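The primary structure of each chain is shown beneath.
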Number of protein chains: 2
Amino acid sequence: MKPKPKLTLLAETFNVSVATVSNALSGKGRISPDLAQRIRDKAREIGYVPSSAGRALRTGRSGVLGLVLPDISNPLFPQIAQAIEQAASTRGYGVLIGDARGSSEGQSEAISRLMERGVDGMLVIPRRGTRVTDIRRPLAMIDSPSTPGNTVSADHRDGGVKMGAYLAELGHRHVLIVAMSSRSIVQADRIEGVKQGLGERARVELIFTDDIAEQDGSVGSLGLADYIARGVTAVATLSDLTALRALTELQGAGFSVPDRVSVTGFDDLIWSSAITPGLTTMRADMAEIGRLAVEALVKSIERPDQAERTESGTVKAKVDRVPMALVIRSSSGEARSAETQP
Amino acid sequence: MKPKPKLTLLAETFNVSVATVSNALSGKGRISPDLAQRIRDKAREIGYVPSSAGRALRTGRSGVLGLVLPDISNPLFPQIAQAIEQAASTRGYGVLIGDARGSSEGQSEAISRLMERGVDGMLVIPRRGTRVTDIRRPLAMIDSPSTPGNTVSADHRDGGVKMGAYLAELGHRHVLIVAMSSRSIVQADRIEGVKQGLGERARVELIFTDDIAEQDGSVGSLGLADYIARGVTAVATLSDLTALRALTELQGAGFSVPDRVSVTGFDDLIWSSAITPGLTTMRADMAEIGRLAVEALVKSIERPDQAERTESGTVKAKVDRVPMALVIRSSSGEARSAETQP
DNA sequence: ATTATCCGCTTAAACGATTAATCTATAACT
DNA sequence: AGTTATAGATTAATCGTTTAAGCGGATAAT
């Protein structure tokens, strides 16, 4: 059991001061190339690892970013977490997670906890309708382009437009949009997009699963059969989880997908490609979003002078929205022509 | 813009030394109750937050745990992450995430990164067949009771037994088990359990989706129709994702679930309750597992003398396995009697 | 010969908290 | 009165790193 190597140990073995060792390792200051190399070699050999606490205390930076999510159990979380962890670790930062547990108070608490832990900056995926305030550190917000203070996010409206246009092209003129929450900005943007993409001539109906759950008391049927009877040929959901509900409900009721009715989702979650039929959905380039958000945040941390801010005080990325991509699988197809309908 | 409050600021306003302030806030040392209270009030008023770097440097502890996962994109991740974040923050610890990105090298790198960040201990969900080594800090491992060094985990074998027994009780005598990887200890334990639960008399077939993917080249059909033709009345998958594949494949092929064939899953992932029919599955008490793992880890950090270790050096929890619970929904039902089969 | 310039390294002061050791009145006891 | 406890503070060291400033001595410029 050797003592954990510190700068002083290294300094002693070379009979130099710790300052020289520090310079050798950091590459700053003036030091003879030869000695510097020898110190670096030795450091690697004995497995020297700088103390993050010592460094943090001196430099005032911890090298850690906070990631605050509305609810970790949201199935979108893995995608975002992975993208951000990747982007952060590439840039030499660690990621501390904070769960809002579905409430605004939880969100505030999570933010406080992370602040107390000394994060250098924060990435927040806000709970709908919450304002993040009292942050004295750089903050990147990931929500939707139309959210005030949004740093970068998928262009949900664009995604909606693409999905709507795709369905229109397949001949769908009567579409049911199934959203979850009426208070989510993301969902609102998607709704708008889908409507626009479908065009003026299309007949569009809209339901919210949250409302159904409230009336119904539990997670029951969406009652899709009625809509199909009324002539709906496509069910455009705004999340893959809803798409899954719709798809299984329809399949269980004997409606063939996509022959009788098309079903589409959003977000390309893990199961979209595993089910039969494969789910046509809209994918966000999470890796890119994570990269941009982290890049902007890190820039704001390391070069506060050069970094731009939004009016809300959040950091500004090079672009504030990244386009979504249509992933066509087998759950969507041409609309059943009107005359062959029962 | 006031300067960030430190101990010295507090000390100055009360004309006492920083030591006194520190004592007042920590409750240690000797200090007059009155002054202590006044200091605490003032500290709250001006929003004093101790510097984690200063404290970490002095005490040698960061108050942060590392969480290493084989692959964040695994849909099981949200459950675990949420449970652990909750348990950790209850005990005053933060959670730093590390993604192994599916490889053993990635796992080693993730562990190194977290070590360099100065975590006090680590929670590792190991990639199958990897040994975690060279950790000079308390380590909790979450995998399966039969994994050497396992700290605590769901009792996967027990879950299998319960599922098998349940199916047997429903009259299923010919069951297809669909596993994913043949190299996963967790899955092996579940397989064993299901077989035992079904009993000697049952006829059991077993396939691995990884093998199919290799032969097939892509994520294709599981070919379940053949098995049903051969008399299989229940498909017991070892993960909800596989269950979803099976369920949709069967529904799409016109087999009624559960009338014609029962389908069961494992893990009670988010969609199990959203689909139609609701998926009968096996749930692990993640909150409890997280609690136990964090408790054991924290104990080992804060009272190294009292903490027990396994032979592998990992920390030992009060119990090393927590039972799984059968969640009966609508995807399972009585076996179709042999005579009514085609 | 004098001054200026660099190089290569050392000195020493932070950063902000914790804590063992010490000091000083005051209270308590004989 | 003299001794001893004790409460309530202070002093000062320490954690490990970074970094501005300084210091000889050699080389170059004037």
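Residues numbered from 1 in each chain as written. Chains lettered and ligands numbered in written order. Predicted model: local features only at pLDDT ≥ 70, side-chain atom pairs only at ≥ 80, totals over all residues. Heavy atoms only, no water.

Description of the relation of the copies chain A and chain B
And then number 1: Expressed as a screw transformation, the operator carrying chain A onto chain B has a rotation angle of 180 degrees and an axial translation of 0.1 Å, and the superposed copies differ by an RMSD of 0.1 Å. The operation mapping one copy onto its partner corresponds to a two-fold rotation axis. Residue Leu-96 of chain A, judged by its C-alpha, is the member of chain A lying nearest the rotation axis, at 2.2 Å.
And then number 2: Mapped onto chain B, 96% of the interface residues of chain A are again interface residues, and the two copies thus contact each other with one and the same surface. (Least-squares fit on C-alpha atoms with pLDDT ≥ 70 in both. Contact = heavy atoms within 4.5 Å.)

Some points on the protein's contact with DNA strand D
And then number 1: Close to DNA strand D lie 25 residues, the nearest being Tyr-48 and Arg-58 of chain A together with Ser-17, Thr-20 and Arg-30 of chain B.
And then number 2: Backbone sugar and phosphate groups make up 55% of those atoms of DNA strand D lying within 4 Å of the protein.
And then number 3: A distance of 3.2 Å separates a phosphate oxygen of DNA strand D from a polar atom in the backbone of Ser-51 of chain A.
And then number 4: Here a phosphate oxygen of DNA strand D sits 2.5 Å away from a polar atom, N or O, in the side chain of Thr-20 of chain B.
And then number 5: Looking at the surface near DNA strand D, the elements with two or more residues in it are helix 2 (18–26) and helix 4 (52–59) of chain A together with helix 2 (18–26) and helix 4 (52–59) of chain B.
And then number 6: For the surface near DNA strand D, the leading source of residues is helix 4 of chain A, giving 4 residues. (Near = heavy atom within 4 Å. Polar contact = N/O pair within 3.5 Å; in protein donor to acceptor, adjacent residues only side chain to side chain. Helix = DSSP H or I, 4+ residues; strand = E, 2+ residues; numbered from the N terminus.)

Side note on the packing of helix 4 of chain A against helix 4 of chain B
And then number 1: Close contact between helix 4 of chain A and helix 4 of chain B brings their axes to 8 Å; oriented N to C, the two are set at 140 degrees. Here helix 4 of chain A lies oblique to helix 4 of chain B, going by the angle between them. As for how helix 4 of chain A packs across helix 4 of chain B, the hand of that crossing is left-handed. Contact residues: Ala-53, Gly-54, Ala-56 and Leu-57 of chain A in helix 4 of chain A; Ala-53, Gly-54, Ala-56 and Leu-57 of chain B in helix 4 of chain B.
And then number 2: A per-class count over the contact of helix 4 of chain A with helix 4 of chain B returns 6 nonpolar, 2 polar and no charged. (Axes fitted to C-alpha atoms, helices over the stretch in contact; angles between N-to-C directions. Parallel < 35°, antiparallel > 145°, perpendicular 65-115°, else oblique. Left-handed = near helix turned anticlockwise from the far one by under 90°. Nonpolar A, V, L, I, M, F, W, Y, C, P; charged D, E, K, R; others polar.)

A few points about the sheet that holds strand 8 (residues 234–237) of chain A
Residues and elements named next belong to chain A.
And then number 1: Taken together, 4 strands build an open sheet; the order of strands is 7-6-8-9 and the sheet is parallel. The open sheet terminates on both sides in strands that have one partner only, identified here as strand 7 (203–208) and strand 9 (262–264). For this sheet, the mean angle separating the axes of adjacent strands, direction not counted, is 20 degrees.
And then number 2: The sheet contact formed by strand 8 and strand 9 spans 3 bridges and is parallel. Residue Ala-234 lies in a different strand from strand 9, and its bridge partner there is Ser-262.
And then number 3: Relative to the sheet, helix 11 (residues 240–252) contacts strand 6 (174–179), strand 8 and strand 9, its axis offset from that of strand 9 by approximately 160 degrees. (Pairing = 2+ DSSP bridges.)

Regarding the environment of Phe-255 of chain A
Residues and elements named next belong to chain A.
And then number 1: Checked against the element boundaries, Phe-255 lands in the loop between helix 11 and strand 9.
And then number 2: Here Phe-255 falls in the buried class, since its relative accessible area comes to 17%.
And then number 3: Sequence spacing of Phe-255 and Ile-228 is 27 residues, and the spatial spacing of their C-alpha atoms is 9.3 Å.
And then number 4: If we skip the residues at most four places from it in the chain, Phe-255 touches Ala-225, Ile-228, Leu-250, Arg-260 and Val-261. (Buried < 20%, exposed > 50% of the residue type's maximum accessible area, 1.4 Å probe, protein only.)

Digging into the sheet that holds strand 7 (residues 203–208) of chain B
All names here are of chain B.
And then number 1: If you trace the 4 strands from one edge of the open sheet to the other, you get 7-6-8-9, paired in parallel fashion. Strand pairing shows two members of the sheet lacking a second neighbour, strand 7 and strand 9 (262–264), which therefore form its edges. Each strand axis lies, on average, 20 degrees off the axis of its neighbour in the sheet, ignoring direction.
And then number 2: Relative to strand 8 (residues 234–237), strand 6 (residues 174–179) runs parallel, the two sharing 4 bridges. Looking across to strand 8, one finds that Val-178 is bridged to Thr-237.
And then number 3: On top of the sheet, helix 8 (residues 185–198) reaches strand 6 and strand 7; it is set at about 170 degrees to strand 6, its chief contact.
And then number 4: Across the sheet, helix 11 (residues 240–252) touches strand 6, strand 8 and strand 9, and the angle it forms with strand 9 is around 160 degrees.

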